[in-house]
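Given next are the chains, with one letter for each unit.
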Amino acid sequence: MPTRELNPGQFNGYPSEARKLAVDNLRVLEALPLSFLPSLLRELIEYDYKFPAERSSLEREISNFGSLSPQQWKEWLGAFEQILLSPALEKFDWINQPAQFVERLSAHLWTTHQQDAFRKAATEYGNRLLMTVPPVEPAIPRVSIAVVGRGVGASDYPLFRKLRPHGALYSNVNPEGGLPTLLDFVAGRAKSQPAKYAHWYIDGGREHAFDAGLTCVSYRTLEPARNQLLARMQKQSELPGSGPETLRSVMAALRPSDLHLEHSGDAVLSRFELKLLTEGSGTQIFSTTFAQWAARETLRRAQPLTLLVRFAPRQRQRPMSEMLSVAKEIVELDPAGSLVDADMGAYYTWLNQQRLTGAAQASFLAWFEGHNTAVAISPTVPRGTVSNFAADLKQILNWTI
């Protein structure tokens, strides 16, 4: 039986598609326990700005509720119904501010010693959902490519140590025309399997010429937005009594228009770029952090068929007050330190790809830009091997994919 009555007018503050989804499923929503519902609404209110994979997942989750028998409903949600909420939480505007409700709920659970019970309920729900509504398999095997070491000369750093055991190390790669070759390969996949947000190019510096079929995000293109955000962060940090929690709240309230991110003409991509800068730690300051986090979020959220992430040199470490400044002094770069960052970023990118459906059939390539070292991982590549055979990146791709 419904624990509360909802009506369409209560969702007038939602974006158009999110409002329609909520109204179409009003009876399901009103029956969900209040300890659970705002977490779902936090995702639903962002529906208009989600990628197709996220939309499909949310739609299937909501649809699943309608298929549950009374006994299954109790098994799936009974533990949430046992969570005791405070009167303040029950009166909170959880429809229009679901994210804020979830934050307050977390604090309430800790203070009332219900965190363990809630975590257990959430874990069991997630496991049931994964078994009942599994993620959709990719149309073709996924491919991710990481390009590291831009601007680095000779280096003794033992590159790709964490990736080598999972694939083949190529030590005699012809680097000539390497980046255009990789971009042509990615563009070819976009042409053969055209779909919005299915093929990505992320650059930690200035992007190279790329095919229009790719979704592109770059550190350099976002420089004006990064500078505006840094100015806001610096101003906020100088206010009396301001702390990390206040700064986080201020950043969470920003909209793409606040940082002039409407330039893309794509509301979904603009919102994604905003979240990269406001939710990532250090993405506003360090290009390597930006590239790694952007690749992570792209894989997690868009679940693309193809991803190319290119790391670029980041600035050297300086006092935080200086890094928050948007003054136009010349910033000293740290290519050697950036190579270490990018090497770990490449490894994390492979790990994040492995978390997606179809991981057993997926392929991964990492290349030391401008140099003769690469590592490839795929079902067709022997693990833990080394090849000194002379080859170019096109040949390695043909052997790998």
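What you see is a predicted model; the values in this text were computed from it and never measured.

Undergrad: Whenever I open this one, the overall build of the protein chain confuses me. Can you help?
TA: On a plain count of helices and strands, the protein chain comes out with 16 helices and 10 strands. Against the 2.2 N^0.38 benchmark of 21 Å for 401 residues, the protein chain shows a C-alpha radius of gyration of 23 Å, consistent with a compact globule. Principal axes of the C-alpha set define a box for the protein chain whose edges measure 70 × 50 × 40 Å. Within the protein chain, the fraction of its 401 residues that count as buried is 50%. Of the contacts made within the protein chain by residues no fewer than 6 positions apart, 71% connect residues no fewer than 24 positions apart. Per element, the accessible surface of the protein chain, about 19,500 Å² overall, is 53% carbon and sulfur. Taking the average place of the 42 positive charges on the side chains of the protein chain and the average place of its 41 negative ones, the gap between the two points comes to 2 Å.

Undergrad: How do you make sense of the sheet that holds strand β2 (residues 168-170) when you look at a structure like this?
TA: Two strands in a sheet stick together by hydrogen bonds in their backbones, pointing the same way (parallel) or opposite ways (antiparallel). In spatial order, the strands read β5-β4-β6-β1-β7-β8-β2-β9; together these eight strands make up an open sheet with mixed pairing. Both edges of this open sheet fall to β5 (215-218) and β9 (385-387), since each of them pairs with a single strand only. When strand polarity is set aside, the average angle formed by the axes of neighbouring strands in this sheet is 15°. Pairing between β2 and β9: three bridges, direction parallel. Looking at β9, one finds that Ala168 is bridged to Thr385. Running over the sheet, helix α15 (residues 335-354) touches β1 (143-148), β6 (306-310), β7 (363-368) and β8 (374-377) and is turned about 175° from β1.

Undergrad: Explain unusual backbone geometry to me, please; I cannot follow it from the model alone.
TA: In most cases, non-glycine residues show a negative phi, while peptide bonds are predominantly trans. Even without being a glycine, His113 presents a positive backbone phi close to 60°. Here His113 is to be found in the loop between α7 (98-111) and α8 (115-132). One non-glycine residue with positive phi stands out, namely Phe160, at about 65°. Locating Phe160 in the fold gives a position in the loop between β1 and β2. Residue Phe160 is classed as buried on the basis of its relative accessible area, which comes to 0%.

Undergrad: How should I be thinking about the nonpolar core in this particular structure?
TA: Soluble globular proteins tend to pack their nonpolar side chains together in the buried interior. In this structure, Val148, Phe160, Leu163, Trp200 and Phe364 are the most contacted members of the largest nonpolar core, which totals 50 residues. The contact partners of Val148, leaving out residues within four places of it in the chain, are Leu159, Phe160, Phe311, Leu339, Ala342, Asp343, Ala346, Trp367, Phe368 and Glu369.

Undergrad: Hey, could you run me through the pattern of salt bridges in this one?
TA: A side chain of one charge can pair with a side chain of the opposite charge when the charged atoms of the two come close. In this structure the tally under the stated criterion is 19 salt bridges. In this structure, the salt-bridge partner of Lys275 is Glu279, at a minimum N-O distance of 3.2 Å. In this pair, Lys275 and Glu279 are both assigned in helix α12 (residues 267-279), four residues apart and thus about one turn of the helix distant. Overlapping salt bridges, with partners in common, bring together Arg150, Asp203, Arg310 and Glu369 in one network.

Undergrad: For this particular structure, what's the right way to read the packing of aromatic side chains?
TA: Any two aromatic rings considered together are summarised by their centre-to-centre distance and by the angle between their planes. Tallied over the full model, the rule gives 20 aromatic pairs. Ring geometry for Phe51 versus Trp200: centroids 5.6 Å apart, planes at 85°, classification edge-to-face. Of this pair, Phe51 sits in the loop between α3 (37-44) and α4 (52-66) while Trp200 sits in strand β4 (residues 199-203); the two residues are 149 residues apart in sequence, bridging distant segments of the chain. With 6.3 Å between their ring centres and 35° between their planes, Tyr347 and Tyr348 make a pair best called tilted. Of the residues examined, Tyr347 reaches a relative accessible area of 18% and is grouped as buried. Taken together through their ring pairs, the aromatic side chains of Phe36, Phe65, Trp73, Trp76, Phe80, Phe118 and Tyr125 make up a single cluster. Between the NZ or CZ atom of Arg226 and the centre of the ring of Tyr219, over which it lies, the distance is 3.5 Å. A cation over an aromatic ring shows up here: Arg271 above the ring of Tyr49, its NZ or CZ 3.8 Å from the ring centre.

Undergrad: Explain the environment of Asp203 to me, please; I cannot follow it from the model alone.
TA: Topologically, Asp203 is positioned in strand β4. In this structure the C-alpha to C-alpha distance between Asp203 and Ser218, which are 15 residues apart in sequence, comes to 4.6 Å. Setting aside residues up to four positions removed in sequence, Asp203 forms contacts with Arg150, His208, Val217, Ser218, Tyr219, Phe290 and Arg310. For Asp203, the side chain forms a polar contact with the side chain of Tyr201, separated by 2.5 Å. Within the structure, Asp203 has its side chain in polar contact with the side chain of Arg310 (distance 3.2 Å).

The rules behind the values
Numbering of residues starts from 1 in each chain and follows the order in which that chain's sequence is written. Totals for whole chains, interfaces and linings use all residues, but because this is a predicted model, local features are given only for residues with pLDDT of at least 70 and pairs of side-chain atoms are given and counted only at 80 or more. Calculation of side-chain values draws on the structure's entire complement of heavy atoms; hydrogens and water are dropped beforehand. Put simply, DSSP H or I for four residues or longer makes a helix, DSSP E for two residues or longer makes a strand, and each gets a number counted from the N terminus. Note on method: radius of gyration uses C-alpha positions; expected globular size equals 2.2 Å times residues raised to 0.38. Under the scheme applied here, a residue whose accessible area is under 20% of the maximum for its type counts as buried, over 50% as exposed, and between as partly exposed, the area being computed with a 1.4 Å probe on protein chains only. Whether two residues are in contact is decided by their heavy atoms: any pair within 4.5 Å suffices. Note that accessible areas follow from Shrake-Rupley with a 1.4 Å probe, and for residues the cover is restricted to the protein chains shown. By the counting rule applied here, Lys and Arg register as positive and Asp and Glu as negative, while His and the ends of each chain are not counted. Note on charges: their place is set at NZ of Lys, CZ of Arg, CG of Asp or CD of Glu. When DSSP locates at least two bridges between a pair of strands, those strands are taken to pair. Helix axes are fitted to C-alpha atoms over the stretch in contact, other axes to C-alpha atoms as well, and angles between N-to-C directions run from 0 to 180 degrees. Grouping buried Ala, Val, Leu, Ile, Met, Phe, Trp, Tyr and Cys residues that are joined through side-chain atoms within 4.5 Å yields what is termed a nonpolar core. Just to be clear on terms, a salt bridge is a Lys or Arg side-chain nitrogen sitting within 4 Å of an Asp or Glu carboxyl oxygen. Aromatic pairing here means that ring centres of Phe, Tyr or Trp (its six-membered ring) are within 6.5 Å. Orientation follows from the plane angle: under 30 degrees is stacked, over 60 is edge-to-face, and everything else is tilted. In this scheme, Lys NZ or Arg CZ marks a charge over a ring once it lies within 6 Å of the ring centre and within 35 degrees of the ring normal. Pairs of N or O atoms within 3.5 Å make up the polar contacts considered here, provided that, within protein, one atom can donate a hydrogen while the other can accept it, and that residues adjacent in sequence are counted only when both atoms are side-chain atoms.

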